[in-house]
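Notes for the structure review
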Amino acid sequence: MACFIVPLTQAIATTVYRKHVEKKEQLEGEKSLSTSNFQLSTRLKSLELMLWGGSMMLLVDHLVNGELFAWNLREVLTIGVPMSVVVTAVWAIWCYAKEIKNSKLKIQN
């Protein structure tokens, strides 16, 4: 089974991109990439943790059960890709809900 390969690859890419964004936010004084209290690097960190955690849990599960096959393309496409899409969609909805909550709190103050 190789369903963890897609979220693991996305976790690696997210980590690299987050580090790039953090450097850019520091260089630009956190003005161009952050509006109000929104910081992209902070939001990306939560996605990164979700992806790393899920990937590592799946990797350990497959190792313990002896189901580790590195290049099962069908499983990567039918399980790994939808898993990554769902995790990213949940993260995006969570970020959106958090921004709505923050904007409502600012309006009340």
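Residues numbered from 1 in each chain as written. Predicted model: local features only at pLDDT ≥ 70, side-chain atom pairs only at ≥ 80, totals over all residues. Heavy atoms only, no water.

Thoughts on the nonpolar core
Membership of the largest hydrophobic core is limited to eight residues, which are A11, V21, L40, L44, L47, L51, W91 and C95. Of all the secondary structure elements, the ones that give two or more residues to this core are α1 (5-27), α2 (40-64) and α3 (73-108). Ranked by residues supplied to this core, first place goes to α2 with four residues. Non-local contacts of L51, meaning those with residues more than four positions away in its chain, are made with P7, Q10, A11, T14 and V87. By size, the runner-up hydrophobic cluster in this structure holds five residues, among which are A2, I5, L8 and V76. (Core = buried A, V, L, I, M, F, W, Y, C linked by side-chain atoms within 4.5 Å. Buried < 20%, exposed > 50% of the residue type's maximum accessible area, 1.4 Å probe, protein only. Helix = DSSP H or I, 4+ residues; strand = E, 2+ residues; numbered from the N terminus. Contact = heavy atoms within 4.5 Å.)

Points about the pattern of salt bridges
All chains considered together, the criterion is met by three salt bridges. Here E99 makes a salt bridge to R43, at a shortest N to O gap of 2.5 Å. With E99 in helix α3 and R43 in helix α2, this pair connects stretches of sequence that are 56 residues apart. Put simply, R18, E22 and E48 are held in one network by salt bridges that share partners. (Salt bridge = Lys/Arg side-chain N within 4 Å of Asp/Glu carboxyl O.)

A closer look at the packing of α2 against α3
Here α2 crosses α3 at 150 degrees, and the two axes come no closer than 10 Å. For the element pair α2 / α3, the angle class is roughly antiparallel. Both α2 and α3 take part in a crossing whose hand is right-handed. The residues of α3 that touch α2, namely those facing R43, L44, S46, L47, M50, L51, L58 and H62, are E75, M83, V87, T88, V90, W91, W94, C95, K98, E99 and N102. Per-class residue counts for the contact of α2 with α3 are eleven nonpolar, four polar and four charged. (Axes fitted to C-alpha atoms, helices over the stretch in contact; angles between N-to-C directions. Parallel < 35°, antiparallel > 145°, perpendicular 65-115°, else oblique. Left-handed = near helix turned anticlockwise from the far one by under 90°. Nonpolar A, V, L, I, M, F, W, Y, C, P; charged D, E, K, R; others polar.)

Regarding α2
With 25 residues, α2 extends 36 Å between its outermost C-alpha atoms, agreeing within 8% with the 36 Å of an ideal straight helix rising 1.5 Å per residue. Of the positions making up α2, those classed as buried are L40, S41, R43, L44, S46, L47, E48, L51, S55 and H62. Check the buried side of α2 and you find it contacts α1 and α3. Within two residues after α2, G66 carries a phi angle of roughly 65 degrees, on the positive side. (Expected span 1.5 Å × (residues − 1).)

Side note on the environment of V87
Structurally, V87 is set in helix α3. Separated by 36 residues in the primary sequence, V87 and L51 have C-alpha atoms spaced 7.5 Å apart. In this view, V87 contacts L47, M50 and L51; residues no more than four positions away in its chain are not counted.

Description of a nonpolar patch on the surface
Nonpolar side chains collect at one region of the surface, where L73, L77, V81 and V85 lie side by side and expose about 370 Å² of accessible area between them. Following the sequence through the fold, L77 ends up in helix α3. Residue L77 is classed as exposed on the basis of its relative accessible area of 51%. (Patch = residues over 30% accessible without salt bridge, like charges linked within 9 Å, V, L, I, M, F, W, Y side chains within 5 Å. Areas by Shrake-Rupley, 256 points an atom, 1.4 Å probe, with all protein chains shown as cover.)

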